[in-house]
Amino acid sequence: LSGSSPIIDLTIHEHDQAQQIIKASQDFGYFQVINHGISETLLEDTVDVLKEFFNMPAKEKAKYYSVDPNSKCKLYTSTTNYSSEDKHYWRDALAHHCHPLQHCLPFWPEKPTRYREVISAYSIETRKLITKISDVIGEGLGLEKGYFGGELSKVQMLLVNYYPPCPDPNLALGMHSHCDPNLFTILLQDNVHGLQIFKDGKWIAVEPIPNAFVVIIGCQLQIISNNKLKSVIHRAVTNSKETRICVGNFVIPSSDCHIEPASDLVRNTTNIPAYKPYQYKEFLHTYAINQGDFEAVLQSYKL
Ligand code: AKG
């Protein structure tokens, strides 16, 4: 299966990167990036410190347990709807914002002692990578430089998924099938299988590649690109032997951000806008009431 996984080397010429990224985003809705310039040591330290966090005694973690949408640092099991969800998932999650750093950092866990130092460095480096990927996508779509900067990528959220070994993987998923509501997501997986994408009627494993990031195209990129790029349905399966960790960095528009297909992409009569304009917060509301049902959500905005 790894043969089918689109892998983009970020040291090749930018024009080629852009073409490969656009093609992968059209065909698969995701791709993996290698040679992205973030040091292996930082990636290892990040995974180590996050594993240390989840391995701390429950008493230490207790102050972060929260499902309150307004809480600035949330630790929860399964999803934030644990009490009302039909099915539970074999997952613990830690979520907090990470940009701008000085505003977010006071809410982060203070333990393990290296948490803030390592996750600060990780947040800064991933922000640079996010800008780079946004610029290459913009170039590939033919949009002006910096198109995805500003309000479209104002929020950066770290969401760490921690999946302990599951006694019967046939009975529980780690994460339900969903598309990401945001612009795009970069995932750092450890070397344990679990992530799958839905393509041509079947689930396909996304092979872990050491030190690579998986870039998942979110709903907003599908809409802004007027369906040129595809948002991909994905999920995480469990296994009975090994703990798996997957560190997500979500690139999110500000809640008041105005979103519509980019005007440069819908200029002529052959490219008419496929979606109506909306504010990102409206989209999130629609996403929540449709419980992530991708087609139903997009349908609400189709013209
Ligand atoms: C998410 O955080 O939205 C994911 O889809 C993570 C999937 C994974 O654990 O590989």
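Residues numbered from 1 in each chain as written. Predicted model: local features only at pLDDT ≥ 70, side-chain atom pairs only at ≥ 80, totals over all residues. Heavy atoms only, no water.

S.K.: I would appreciate a short explanation of the site of the ligand in the present structure.
M.R.: Surveying the vicinity of the ligand reveals the residues Leu159, Asn161, Tyr163, Met175, His178, Asp180, Leu195, His234, Ala236, Arg244, Cys246 and Phe250. Note that an oxygen atom of the ligand is positioned 3.0 Å from one of the side-chain N or O atoms of His178. In the environment of the ligand, an oxygen atom lies 3.1 Å from a nitrogen or oxygen atom belonging to the side chain of His234. Of all the secondary structure elements, the ones that give two or more residues to the shell around the ligand are strand 5 (155-163), strand 6 (173-178), strand 11 (234-237) and strand 12 (244-252). Residue composition of the shell around the ligand, by class: 7 nonpolar, 3 polar and 2 charged. (Near = heavy atom within 4 Å. Polar contact = N/O pair within 3.5 Å; in protein donor to acceptor, adjacent residues only side chain to side chain. Helix = DSSP H or I, 4+ residues; strand = E, 2+ residues; numbered from the N terminus. Nonpolar A, V, L, I, M, F, W, Y, C, P; charged D, E, K, R; others polar.)

S.K.: Would you mind showing me how to read the environment of Thr286 here?
M.R.: Tracing the backbone shows Thr286 in helix 7 (residues 280-289). Since its relative accessible area comes to 11%, Thr286 is described here as buried. With 73 residues separating them in the primary sequence, Thr286 and Phe213 have C-alpha atoms 29 Å apart. Discounting chain neighbours no more than four positions away, the residues touching Thr286 are Val297, Ser300 and Tyr301. There is a polar contact of 2.7 Å between the side chain of Thr286 and the side chain of Tyr301. (Buried < 20%, exposed > 50% of the residue type's maximum accessible area, 1.4 Å probe, protein only. Contact = heavy atoms within 4.5 Å.)

S.K.: Honestly, the packing of helix 7 against helix 8 (residues 294-301) in this entry has me stumped. Any pointers?
M.R.: For any two helices packed against each other, the geometry comes down to the angle between their axes and how far apart the axes lie. Close contact between helix 7 and helix 8 brings their axes to 9 Å; oriented N to C, the two are set at 140°. Comparing the axis directions of helix 7 and helix 8 gives the class oblique. Read as a crossing pair, helix 7 and helix 8 show a hand that is right-handed. Between helix 7 and helix 8, the contacting residues are Glu282, Phe283, Thr286 and Tyr287 on the first element and Val297, Ser300 and Tyr301 on the second. Broken down by class, the residue content of the contact of helix 7 with helix 8 amounts to 4 nonpolar, 2 polar and 1 charged. (Axes fitted to C-alpha atoms, helices over the stretch in contact; angles between N-to-C directions. Parallel < 35°, antiparallel > 145°, perpendicular 65-115°, else oblique. Left-handed = near helix turned anticlockwise from the far one by under 90°.)

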